Structure formats: C-alpha cells, structure tokens
Amino acid sequence: MKIGTASVLLGAWTKVSSNPCSILDVGAGTGILALMMGQRTSAQIIHAIEVEPDAYEQCFENLEHAPFNEGRLFCFHVDFRAFVVEMDQQYDLIISNPPFFSETTASPDPKRDQARREVSLPYGDLLHGVSFLLSPQGYFNTIIPYKEHLRFIELAEEEGLYPSRLTYVKGTPTTDVKMVLMEFSFFKISTLSN
C-alpha cells in the first residue's frame with residue numbers, strides 16, 4: 001500500500017501535548033499513523049487495526065521492525081466493529097484516516113476500494129466505536145473530505161463527540177478546500193480552534 005498525503009498531514013497535525021498513554025490507529029493501512037505516534041509520543045500502548053490481509057501484513061512488519069517499538073506497537077488483524085465488542089481497553093487518543101468515498105462507483109482494484117470507500121467502514125460505525133473506546137478525557141483525530149465534513153460532525157454529535165479543532169486543507173492557495181482535519185472530544189466548546 002502507498003502512504004497518502006492525508007495520513008502524513010493527519011499524523012503531523014495531531015496534538016500530542018496531552019501525553020497520551022494509549023493510542024489507537026483505526027484502519028492502519030501501512031501503519032504510518034501508528035509509527036508517527038510512536039515517534040512523537042512516549043505512549044506505552046499503540047495499537048493499530050487493519051482488516052485487509054495484505055495491508056495488515058505490511059503494517060505488522062512495519063511496526064515490528066520500528067527501532068522505537070520496544071513492545072509498544074502492535075497491529076490487530078480484525079474488523080473495527082468486532083474489535084469494539086472484544087476490547088475492554090480505552091484509549092487517550094484515537095486516530096484514523098478512514099475510507100473517504102461514499103459514492104457507489106468502484107475502481108477495478110478491490111483492495112483500493114476497501115481502503116478508500118466508506119462502505120468498508122461507514123462513518124456511523126467508526127464514530128460509534130470511537131465513542132466506546134475513547135477515554136473520557138481523550139481525543140479523536142481524523143481527516144475527512146470537505147464535502148463530507150458537516151455530515152461527519154452531525155454523526156459525531158449523535159455519539160456525544162464534539163469538534164474541538166478544525167483545519168481546512170487546500171491543494172494550493174487558489175484551489176477549493178479538499179479535506180478537513182478534525183479533532184473531537186466529549187466536551188462541547190463554543191469556539192473551535194485551528
């Protein structure tokens with residue numbers, strides 16, 4: 001799997017100043033977000049979840065061979081919905097670059113579709129799981145296409161998650177906004193920060 005710009009942006013944008021003790025990367029792909037969190041934090045638990053078999057193998061290898069792993073990073077080969085039911089751990093930080101195409105148009109590559117189309121992990125299922133796994137003081141960080149971000153915020157609020165920080169991303173200064181970096185918590189605030 002390739003490493004996308006969205007994941008790199010999300011990994012760099014995510015605040016880690018709260019020193020999270022436990023981190024979860026949902027839909028890990030190659031494991032880039034888990035690896036970035038491993039480099040940027042001293043968290044003792046960094047779990048990654050990946051359902052696609054080839055991506056899971058790549059993620060597992062990448063995490064296993066990271067020089068800073070020291071037993072902190074581990075990848076699970078499981079569907080997120082099953083993970084939510086089975087896991088009794090809460091996380092201080094959950095990070096996800098979720099599938100982002102809700103359209104029904106498919107590409108010729110089923111693996112690419114699974115990684116990119118919302119049908120493999122609908123936003124509602126993602127947010128429902130996050131609401132169970134996120135610690136009361138924790139944060140959930142994600143990146144969503146601009147055209148989907150208001151619907152995503154509505155779905156998040158149905159799960160008791162509220163935006164605390166938004167950053168709008170353009171390809172160039174003269175193009176339209178393409179993506180939105182978003183941070184959520186269980187606390188409703190009156191003014192969002194960038």
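Residues numbered from 1 in each chain as written. Predicted model: local features only at pLDDT ≥ 70, side-chain atom pairs only at ≥ 80, totals over all residues. Heavy atoms only, no water.

Moving on, we come to the confidence of the model for the protein chain. Interpretation of the predicted coordinates at a detailed level should be avoided for regions scoring low in pLDDT. The predicted model of the protein chain averages 90 in pLDDT, with 88% of residues at 70 or higher. Counting interchain partners and residues more than four positions distant, the pLDDT-below-50 stretch residues 103–107 has eight contacts. When the criterion is pLDDT under 50, residues 112–119 qualifies, and its contacts beyond four places in sequence or with other chains add up to 25 contacts. (pLDDT = per-residue confidence, 0-100. Contact = heavy atoms within 4.5 Å.)

Before going further, it helps to spend a moment on the packing of helix H6 (residues 123–133) against helix H7 (residues 149–158). With their axes 9 Å apart at the nearest point, H6 and H7 run at an angle of 40° to one another. Taken together, the axis directions place H6 and H7 in an arrangement best described as oblique. Judged by the twist between their axes, the crossing of H6 over H7 is right-handed. Of H7, the residues touching H6 (which contributes Tyr123, Gly124, Leu126 and Leu127) are Arg151, Phe152, Leu155 and Ala156. (Axes fitted to C-alpha atoms, helices over the stretch in contact; angles between N-to-C directions. Helix = DSSP H or I, 4+ residues; strand = E, 2+ residues; numbered from the N terminus. Parallel < 35°, antiparallel > 145°, perpendicular 65-115°, else oblique. Left-handed = near helix turned anticlockwise from the far one by under 90°.)

In this section: the pattern of salt bridges. Tallied over the entire structure, the rule returns four salt bridges. Notably, a salt bridge pairs Arg151 with Glu148, separated by 2.9 Å at the nearest N-O pair. A residue is classified by how much of its surface remains accessible, and Arg151, at 34% relative accessible area, is partly exposed. The exposure class assigned to Glu148 is buried, which follows from its relative accessible area of 8%. Arg165 is paired through a salt bridge with Glu183; the nearest N and O atoms lie 3.7 Å apart. Of this pair, Arg165 sits in strand E6 (residues 162–170) while Glu183 sits in strand E7 (residues 177–185), placing them 18 residues apart in sequence. By the burial criterion, Arg165 is buried, and Glu183 matches it. (Salt bridge = Lys/Arg side-chain N within 4 Å of Asp/Glu carboxyl O. Buried < 20%, exposed > 50% of the residue type's maximum accessible area, 1.4 Å probe, protein only.)

This part is about the packing of aromatic side chains. Tallied over the entire structure, the rule returns nine aromatic pairs. Pairing Tyr146 with Tyr168 gives two aromatic rings, centres 6.1 Å apart and planes at 65°, and the pair type is edge-to-face. One end of the pair, Tyr146, is in the loop between strand E5 (134–145) and H7; the other, Tyr168, is in strand E6, and 22 residues separate them in sequence. With a relative accessible area of 40%, Tyr146 lands in the partly exposed category. One aromatic cluster is present, formed by Tyr56, Phe60, Phe74, Phe76 and Phe83 through successive ring pairs. The lysine or arginine in question, Arg165, covers the ring of Trp13, its NZ or CZ lying 3.7 Å from the ring centre. (Phe/Tyr/Trp six-rings, centres within 6.5 Å; stacked < 30°, edge-to-face > 60°. Lys NZ or Arg CZ within 6 Å of the ring centre and 35° of its normal.)

This part is about unusual backbone geometry. In this model, Asn19 sits at a positive phi of 50°, which is unusual for a non-glycine residue. For Asn19, the location among the structural elements is in the loop between helix H1 (5–13) and strand E1 (22–26). Even without a glycine there, the phi angle at Glu70 is positive, about 50°. Within the secondary structure, Glu70 sits in the loop between helix H3 (53–64) and strand E3 (73–76). Relative accessible area serves as the criterion here: at 69%, Glu70 is assigned to the exposed category.

Structurally, Glu52 is set in the loop between strand E2 (45–49) and H3. By relative accessible area, which is 8% here, Glu52 ends up buried. Of note is the side chain of Glu52, whose polar atom sits 3.1 Å from the backbone nitrogen of Asp54. (Polar contact = N/O pair within 3.5 Å; in protein donor to acceptor, adjacent residues only side chain to side chain.)

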